[in-house]
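# Notes for the structure review
Each chain, letter by letter, is given below.
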Amino acid sequence: MKTNRIAPKILLLSGLTLLTTAALLSAEMSPETEECLMCHEMATPGIVGDWQRSRHARFSPMEAMGKDPLERRISAGTVPENMASSTIGCYECHGLNTGDHADAFEHFGYTINLVVSPKDCATCHPDEQHEYNESKKAHAIANLRDNPVYHALETEVIGMKVIDESGVQSLPPSAHTAGESCYACHGTVLTVDGLKTIDTDFGEIEIPNIANWPNQGVGRINPDGSRGACTACHPRHGFSIEVARKPYTCAQCHVEPDVPAWDVWKESKHGNILLSETSHYNWDAVPWKAGEDFNAPSCSVCHNALVTDPSGDEVIANRTHDFGSRLWLRIFGLVTSHPQPAHGLTTTLLNDDGQPMPVTFTGVHAKTGLISPDEMDKRQAMMSAVCRACHSTDWVNGHFEQFDLAVAEIDEMVIKTNGLMQQAWDLGLADPANPFDESLEHQWVKQWLINANAARYASAMNGQDFAAFKYGWWGLSQTVVKFHEQVSKVVQEKE
Amino acid sequence: MKTNRIAPKILLLSGLTLLTTAALLSAEMSPETEECLMCHEMATPGIVGDWQRSRHARFSPMEAMGKDPLERRISAGTVPENMASSTIGCYECHGLNTGDHADAFEHFGYTINLVVSPKDCATCHPDEQHEYNESKKAHAIANLRDNPVYHALETEVIGMKVIDESGVQSLPPSAHTAGESCYACHGTVLTVDGLKTIDTDFGEIEIPNIANWPNQGVGRINPDGSRGACTACHPRHGFSIEVARKPYTCAQCHVEPDVPAWDVWKESKHGNILLSETSHYNWDAVPWKAGEDFNAPSCSVCHNALVTDPSGDEVIANRTHDFGSRLWLRIFGLVTSHPQPAHGLTTTLLNDDGQPMPVTFTGVHAKTGLISPDEMDKRQAMMSAVCRACHSTDWVNGHFEQFDLAVAEIDEMVIKTNGLMQQAWDLGLADPANPFDESLEHQWVKQWLINANAARYASAMNGQDFAAFKYGWWGLSQTVVKFHEQVSKVVQEKE
Amino acid sequence: MKTNRIAPKILLLSGLTLLTTAALLSAEMSPETEECLMCHEMATPGIVGDWQRSRHARFSPMEAMGKDPLERRISAGTVPENMASSTIGCYECHGLNTGDHADAFEHFGYTINLVVSPKDCATCHPDEQHEYNESKKAHAIANLRDNPVYHALETEVIGMKVIDESGVQSLPPSAHTAGESCYACHGTVLTVDGLKTIDTDFGEIEIPNIANWPNQGVGRINPDGSRGACTACHPRHGFSIEVARKPYTCAQCHVEPDVPAWDVWKESKHGNILLSETSHYNWDAVPWKAGEDFNAPSCSVCHNALVTDPSGDEVIANRTHDFGSRLWLRIFGLVTSHPQPAHGLTTTLLNDDGQPMPVTFTGVHAKTGLISPDEMDKRQAMMSAVCRACHSTDWVNGHFEQFDLAVAEIDEMVIKTNGLMQQAWDLGLADPANPFDESLEHQWVKQWLINANAARYASAMNGQDFAAFKYGWWGLSQTVVKFHEQVSKVVQEKE
């Protein structure tokens, strides 16, 4: 095994950033990992190569913990003694907490887990896991599946249709279609049902029989009961901070038509500059120094990275893995904008109409469960500090004033449409028993889920072209007009 | 202050193109700028870093004017003496022409302008500003707002809706929604209303109170009365030619569904090659040498850059900042294609039906105000010369022949739809008093603004896939069929 | 002529990968090519520069044939003696097989062909041409034009509309609109009609008069009767393997809404990683070593490249230029998914309803002409081997199980819609004489061509977000509901 000596060659050939020789000569891999690699260098050479270029393959936790506080990529104060001075290889991650894992199994003499969970990663990265664990992302399954309103919409979208005399019915979504659409991003529930035998290049082996696997959704429920998948953003087995910071990571899920963050950012001046200058940026630096390592922000700069001034000494924003924690207003309208939920688990919200939602269809915010005006101010101040790394106070204030006024108008357009929908229900044009299963209701859903979101995201992230003819305002206006024509035609016929 | 000495370190760390040491040791920043930076290195470190890596921070106008004509990035013959030999820093730009600026104010002992305008940039870049100033871009506000036809459409798109007994009415667009949609690209009117006090990290300060700010739209009306924003394409504070030449800059505004230039180019062979080879190109060279600095063209190569042969001696196309000046046919159909307007301000156009438009709804070109056939030929020859840097004469001719024939058919499809719209108005299916406020009229607008534009752009820029099922021909055909079904149903009912 | 000596300078200036000096000093260009360049360095400097940086300009076939088998980029065992030891320049390609070329002509003393065809490229690359020649791509014209069902749809999409008393009729598509939409990708038929005189910078010259030119479609019929255009993916005149391997190449044609391969990949974890790490990959290596030269796959890795393990010794997948040959299930539904056609020419397929299609509208697969279950298994094993370079056997199996189940449900949704369409035809809501020319039929086409394809591609390539609200499942569900509402309204009116 000469992996550590092979690594530099790979790095040079691949044109990767040159590393200090000192670092490369330090920590060694564990004997267990060495044994893993004896087969896996042949069985899965791609992920072995990916790992060999990673920091995990080059540094020990001890070395990582020895860095200056702002340069640390590891939040643990101590790590288990047997892991401290070797590099972090196959066995160090897959061999953790096997007692808690329903997917633990015997594999060529070792007990390992098939799935590495955030709780396992927390061995070295506890702060990251704690922050993440309380976020909306970590509760992404329950927030959709266990909310009867959203689940009814989900069922209408992906449930197999049955056509009978009473009309079109949607069956409960099948696990595979759910996993190949909504829950690919939201996450699946990994359940283990004993062992199964599979054929591999090394013969038959026994492995855990896991349902709804593979999946990398942000709210995945793991075989140890933990929530989330670090690999949703730090993909296997490089766990690269560069990849996580690049906008393409967020663009796996946060894309048009319903959550057009990527699309709007791409059309913004931030996207314009970053995409033009990306090869000049230092994507790997910790801390991430505004104006020195990067100019224009990717998603990560504004929403979660540890950002400092160019010297690296002055913190502009602290690192967080609760990706909503710098946000005050939730512009993903359900159905209008509203203060961010106070907790990541949103099923407990209750609006004045008794629905488990943050607002009523007439735009009234829920009395509890949303963050307070003070907390909103605090968070806006936090985000503004990031903006001010490059923009004057006046510029930042001006942006948020325009944003507030524009969002108020967009919400007003949604509320008007909700009024027309209510009129249509009252007139019998549609049946509110299921508010999502008729064509007129589909138009209404498009209004708040797609048209309004597009316009709000466009203003929030300065990709305003998106708010004109692409889903945004033209969609909002056309829908109001068309709804009114459909409703008033029936009113006239009745008169 | 050691900014000039810091710069090289930043450059090396960021992986930016290495600069000649000679250049770095030459011009110094002015004492005024040095004083600005004393606070702004802390207040807005991001833009300071951006500026430090810019040419403005490294060269004086004197040095820039000393270059060979084709290598010059500065068109002034002389510059004010007090600016000639220092680098171009904060004060050199923000301190210009303060007597003309309604946004001039006292700021820690200096009179400066909050907004730097194209007229200010013209101190060193007069040719660029003169060219730009007569372009359609510079008149982008008036061309939309002051044209009653387009303004009626704008009002329908972004005006808040009021629903009463007479139907749905659109209120005049609010300033904030206008600025967060159409006028984000077209530009806002910056009006100054005295001073206001704001809280900053350095305490309370007084600054001009500017409405509709921030904005970087191409037709912005500045507090000195000038038109445009150089930063729309050369973003603050790097003013990078690399960024302006990258297609992401144009893609802030020239995107689907209405102006799908980016989308079509991305699917073209030009886009394919450039996006694949982008890291091999020299994006900063002046002049820009075809076949040497780049292979496939970005927007800038065809529409505005100074392009030479590989030796750098033979000019293929001269630089222009009137981005329409190499174009003969306007394929952004209003409502069909037509010769380019002769002037950037298009509100004075008058078609045979008395509308301020370049064509009638039946496709008849306005008698005046459009460029002549001779001028069209001259411009096509100019563009063809750029094409011929890489393509044979026959290839280029063949392309433009296919394009002409395809566009003629697309226009014909629009004219047929216009005929059906007229029939619908005559039959009372819609009310032509406002030609844009009913659902049937929305379909008609989509036909010429989105479907037809998509197909024309796809042919012009060889991203023809876009013309099949994505908005283009399928949209054109479906709309004609659907329109005819709607109209003929009424005709049958009347019979 | 000092092209070879100029080349290194260009390479350094352009930041291209440095080449070994040895290579640059070896083969020389032929005297004929030297003479070509005397004019073309001035006439078309861009393509000359592109060629100068290419391998064609730097190596002779003799050198290329001397490489180790896996490193060879040339499949010929021998090449014509007169070509063997010079570099491959203008004359070497344009002067080939002139006796077979209807576009051969006299050009300044040489007989050359205007169009270089795959048959010409086969002089050095015979395996590539043979593989390609039997692929669906090579038959892309006939597969569309000569299939009466698909041609009827094509006519509805791009045929000029005539409106008369009987309704809207689509004329046969014009050659130019066909070439500027469907056949830009599928390819045009290049027909030569004598010579024509054109004006060039070097005066009047005579060249072949070729209709439907320029075109780079994958199924182009060339003036020598051969099929295809190598330049569709290896664009002129660099013929770069880097460009062909980049996803932007495939994205010229394989894009939403009908074939959303690029769009889905871009949103997948593969796209996320590759787009984030692209500058670290070695895009030019042959063989292409998984885990060493690249991590995440571009289109080429899975569908056609020679891929080995990191050592370069162990072949994971052999190179193929029949891009469908690693595929078992055809998810481009016509109208449902089905086993891949056994031959590239698909016009001979015949379903149980007598249509030249792989499946009936009720989803029954054609009895002949599709690959067998054994062949399907063999191909899936081939693709799985590529997946297993980075993924465990269990992961790969799990992915394909989810995919199979998801596709079955998507097909079921299409079949249900086909049933509703049939009901609409039976009820007289639409006339099945032409199944594509009414609005209701347009909705039906969208269901199988756009909504269902989106959902299938999203599952196949793990860009599942695309299957939720962007065309996929929401589109499928809405269409079933809307179709049922339209049909049941008529049923109720009749009762």
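You'll find chain A entered in an unreviewed UniProt entry as Hydroxylamine oxidase, with Oceanipulchritudo coccoides given as the organism.

In this section: the relation of the copies chain B and chain C. Mapping chain B onto chain C calls for a screw motion: a turn of 120° about the axis and a shift of 0.0 Å along it, with 0.0 Å RMSD after fitting. Within this description, the copies of the chain are treated as partners about a three-fold rotation axis. Considering only C-alpha atoms, the part of chain B nearest the rotation axis is S279 of chain B, at 4.6 Å. Comparing interface residues between copies, only 2% of those in chain B also lie at the interface in chain C; the contact surfaces differ.

All right, on to the state of the cysteines then. All names here are of chain A. Enumeration over the complete set of coordinates arrives at three disulfides over all chains. Covalent S-S linkage joins C185 and C253, the inter-sulfur distance amounting to 2.4 Å. Between C185 and C253, the S-S dihedral sits near -100°, and the bridge is therefore left-handed. In this pair, C185 sits in helix 12 (residues 182-186) while C253 sits in the loop between helix 14 (247-250) and helix 15 (261-267), placing the two residues 68 residues apart along the sequence. With relative accessibility at 14%, the residue C185 sits in the buried group. Free of any disulfide, C182 has its nearest cysteine sulfur in C185, 9.1 Å distant.

This next bit is on the relation of the copies chain C and chain A. Note on the identical chains: chain C maps onto chain A by a rotation of 120° and an axial translation of 0.0 Å, with an RMSD of 0.0 Å. In this assembly the copies use different faces: only 2% of the residues contributing to the interface of chain C also contribute to that of chain A.

The next thing to look at is unusual backbone geometry. Where the residue is not glycine, phi is negative for most of them; where a peptide bond is considered, it is trans in most cases. In the segment running from L334 of chain B into V335 of chain B, the intervening peptide bond is cis, with an omega of 0°. Mapping V335 of chain B onto the fold places it in the loop between strand 10 (329-330) and strand 11 (338-339). H237 of chain C follows R236 of chain C through a cis peptide bond whose omega is -10°. For H237 of chain C, the location among the structural elements is in the loop between strand 6 (203-211) and helix 13 (241-245). Of note, Y471 of chain B is a non-glycine position whose phi angle comes to about 70°, a positive value. On the secondary structure map, Y471 of chain B appears in the loop between helix 21 (439-460) and helix 22 (473-494). With phi around 50°, N97 of chain C is a residue other than glycine that occupies positive phi space. As for its placement among the helices and strands, N97 of chain C is situated in the loop between helix 6 (90-94) and strand 1 (104-107). Looking at N97 of chain C, the relative accessible area reads 32%, which means it is partly exposed.

What follows deals with the interface of chain C and chain A. Counting residues at the interface gives 51 residues for chain C, matched by 69 residues for chain A. Put simply, chain C and chain A have three salt bridges between them. There are 22 residue pairs in polar contact (both at pLDDT 80 or more) connecting chain C and chain A. Of all the secondary structure elements, the ones that give two or more residues to the side of chain C that touches chain A are helix 15 (261-267), helix 16 (269-277), helix 19 (393-427) and helix 21 (473-494) of chain C. When residues in the side of chain C that touches chain A are grouped by element, the largest group, 13 residues, is from helix 19 of chain C. Residues belonging to the side of chain C that touches chain A are distributed by class as follows: 18 nonpolar, 18 polar and 15 charged.

Here we come to the domain arrangement of chain A. Residues and elements named next belong to chain A. Assigned domains within chain A: domain 1 (1-96), domain 2 (122-232) and domain 3 (241-494). Using C-alpha coordinates to define each centre, domain 2 is positioned 25 Å away from domain 3. In total, about 2,000 Å² of surface goes out of reach between domain 2 and domain 3, with carbon and sulfur atoms giving 62% of it. Between domain 2 and domain 3 we count zero salt bridges in total.

The next thing to look at is the UniProt feature "domain: Cytochrome c-552/4" (unreviewed entry) in chain A. According to UniProt, the feature "domain: Cytochrome c-552/4" (unreviewed entry) maps to residues 121-200 of chain A in the numbering used here. Here residues 121-200 of chain A is 45% helix and 22% strand, with 28 Å between the C-alpha atoms at its ends.

On to a positive patch on the surface. Residues K446 and K482 of chain A, K446 and K482 of chain B together with K446 and K482 of chain C make up a contiguous surface patch of positive charge. Of note, K446 of chain C is situated in helix 20 (residues 439-460). Judged by its relative accessible area of 37%, K446 of chain C is partly exposed.

The next thing to look at is the sheet that holds strand 7 (residues 288-289) of chain C. Residue and element names in this part refer to chain C. Taken in spatial order, the three strands line up as 7-8-9 in an open sheet, and their pairing is mixed. Both edges of this open sheet fall to strand 7 and strand 9 (315-317), since each of them pairs with a single strand only. Where strand 8 (residues 307-308) and strand 9 come together, two bridges link them in antiparallel fashion. The residue bridging V307 from the neighbouring strand is A317, located in strand 9.

Right, let's get into the environment of H107 of chain A. Residue and element names in this part refer to chain A. Inspection of the secondary structure assignment puts H107 in strand 1 (residues 104-107). A relative accessible area of 18% means that H107 is categorised as buried. Taking the C-alpha atoms as reference, H107 lies 8.2 Å from I205; in sequence the two are 98 residues apart. The contacts of H107, once residues within four sequence positions are left out, are H40, I112 and I205.

As enumerated under the stated definition, the model contains 45 aromatic pairs over all chains in all. Here the aromatic rings of W444 of chain A and W448 of chain A are separated by 5.7 Å at their centres, their planes lie at 70°, and the arrangement is edge-to-face. Here W448 of chain A and W444 of chain A lie together in helix 20 (residues 439-460), a separation of four residues that amounts to about one turn. Here W444 of chain A matches W448 of chain A in class, with each residue buried. For the pair F469 of chain B and W474 of chain B, a centre-to-centre distance of 5.4 Å together with 75° between the ring planes defines the contact as edge-to-face. A single burial state applies to F469 of chain B and to W474 of chain B, both of which are buried. One aromatic cluster in this structure is built from F361, W425, F436, W444 and W448 of chain A. Over the face of the ring belonging to W283 of chain A we find K246 of chain A, whose NZ or CZ atom lies 4.9 Å from the ring centre. It is R236 of chain B that lies over the ring of W395 of chain A; its NZ or CZ is 4.1 Å from the centre.

Moving on, we come to the pairing of strand 4 (residues 167-170) of chain A. Residue and element names in this part refer to chain A. Taken together, the four bridges between strand 3 (residues 161-164) and strand 4 define a ladder with antiparallel strand orientation. Counted as the bridge partner of D164 is G167 from strand 4. Linking strand 3 back to strand 4 in an antiparallel pair, the connection comprises two residues.

Next up on the list: the interface of chain B and chain C. Taken together, the contacts link 52 residues of chain B with 69 residues of chain C. Surface buried jointly by chain B and chain C totals about 5,400 Å² across both partners, of which 57% is contributed by carbon and sulfur atoms. Our count for the contact surface shared by chain B and chain C stands at three salt bridges. Its salt-bridge partner being K196 of chain C, residue D394 of chain B comes within 3.0 Å of it at the nearest N-O pair. Counting across the chain B and chain C interface gives 22 residue pairs in polar contact (both at pLDDT 80 or more). For the side of chain B that touches chain C, the secondary-structure elements that each account for two or more residues are helix 16 (261-267), helix 17 (269-277), helix 20 (393-427) and helix 22 of chain B. It is helix 20 of chain B that provides the largest number of residues to the side of chain B that touches chain C, a total of 14 residues. Split into classes, the residues belonging to the side of chain B that touches chain C amount to 18 nonpolar, 19 polar and 15 charged.

Moving on, we get to the sheet that holds strand 7 (residues 288-289) of chain B. Residues and elements named next belong to chain B. In spatial order, the strands read 7-8-9; together these three strands make up an open sheet with mixed pairing. The sheet is open, and its two borders are formed by strand 7 and strand 9 (315-317), each paired with just one other strand. The pairing of strand 7 with strand 8 (residues 307-308) spans two bridges and is classified as parallel. Paired with K289 across the bridge in strand 8 is T308.

In this structure, W448 and W473 of chain A, W448 and W473 of chain B together with W448 and W473 of chain C are the most contacted members of the largest nonpolar core, which totals 252 residues. Residue contacts for W448 of chain A: discarding those within four places in its chain leaves L153, G333, L334, V335, V414, N418, F436, N453 and R456 of chain A.

Residue and element names in this part refer to chain B. Under the counting rule described, the total for this entry stands at 42 salt bridges over all chains. Between D284 and R73 there is a salt bridge whose closest N-O contact spans 3.6 Å. Of this pair, D284 sits in the loop between helix 17 and strand 7 while R73 sits in the loop between helix 5 (61-65) and helix 6 (81-84); the two residues are 211 residues apart in sequence, bridging distant segments of the chain. On the basis of relative accessible area, D284 is assigned to the partly exposed category, the value being 32%. Residues R379 and E375 are paired through a salt bridge, measuring 2.8 Å at the closest nitrogen-oxygen approach. You can see R379 and its partner E375 sitting in helix 19 (residues 373-387), four residues apart, about one turn around the helix.

About the cut-offs
Think of each chain on its own: its residues are numbered from 1, step by step along the sequence as written. Here the convention is simple: chains get letters from A, ligands get numbers from 1, in the order in which they are written. The predicted origin of the model limits local features to residues at a pLDDT of at least 70 and limits the giving and counting of side-chain atom pairs to 80 or more, whereas totals for whole chains, interfaces and linings rest on all residues. Just so you know, side-chain values use all the structure's heavy atoms and leave hydrogens and water out. For this overlay, a least-squares fit was computed on C-alpha atoms, restricted to residues scoring pLDDT of at least 70 in both copies. We call two residues contacting when some pair of their heavy atoms lies within 4.5 Å. In what follows, a disulfide is any cysteine sulfur pair within 2.5 Å. The way it works is that DSSP assigns letters per residue, a run of H or I at least four long becomes a helix, a run of E at least two long becomes a strand, and they are numbered from the N terminus. Each residue is assigned to one of three classes by its accessible area relative to the maximum for its type, calculated with a 1.4 Å probe on protein chains only: buried under 20%, partly exposed between the two thresholds, exposed over 50%. We count a salt bridge whenever a side-chain nitrogen from Lys or Arg sits within 4 Å of a carboxyl oxygen from Asp or Glu. By the criterion applied in these results, polar contacts are pairs of N or O atoms within 3.5 Å in which, for protein atoms, one can donate a hydrogen and the other can accept it, and in which residues neighboring in sequence qualify only through two side-chain atoms. The nonpolar class holds Ala, Val, Leu, Ile, Met, Phe, Trp, Tyr, Cys and Pro. Asp, Glu, Lys and Arg form the charged class, and all remaining residues, Gly among them, are polar. Bear in mind that the domain bounds are from an automatic or database domain assignment. Accessible area, probed at 1.4 Å, shrinks when two parts are joined; the buried area is that loss added up over both. UniProt positions are given in the numbering used here, feature names are shortened, and annotations may be inferred rather than shown by experiment. Every patch collects residues that have over 30% relative accessible area and no salt bridge, joining them within 9 Å if they carry like charges and within 5 Å if they are nonpolar side chains (Val, Leu, Ile, Met, Phe, Trp, Tyr). All accessible areas in this document rest on Shrake-Rupley with a 1.4 Å probe, and a residue is counted as covered only by the protein chains that are shown. Only four residue types enter the tally: Lys and Arg on the positive side, Asp and Glu on the negative side, with His and both chain ends excluded. The location of each charge is read from NZ of Lys, CZ of Arg, CG of Asp or CD of Glu. Strands qualify as paired when DSSP identifies two bridges or more between them. Two aromatic rings, drawn from Phe, Tyr or Trp (for Trp, its six-membered ring), form a pair once their centres lie within 6.5 Å of each other, and the interplanar angle then sorts them: stacked below 30 degrees, edge-to-face above 60, tilted otherwise. For a ring to carry a charge above it, either NZ of a lysine or CZ of an arginine must fall within 6 Å of the ring centroid while also lying within 35 degrees of the normal to the ring plane. Grouping buried Ala, Val, Leu, Ile, Met, Phe, Trp, Tyr and Cys residues that are joined through side-chain atoms within 4.5 Å yields what is termed a nonpolar core.

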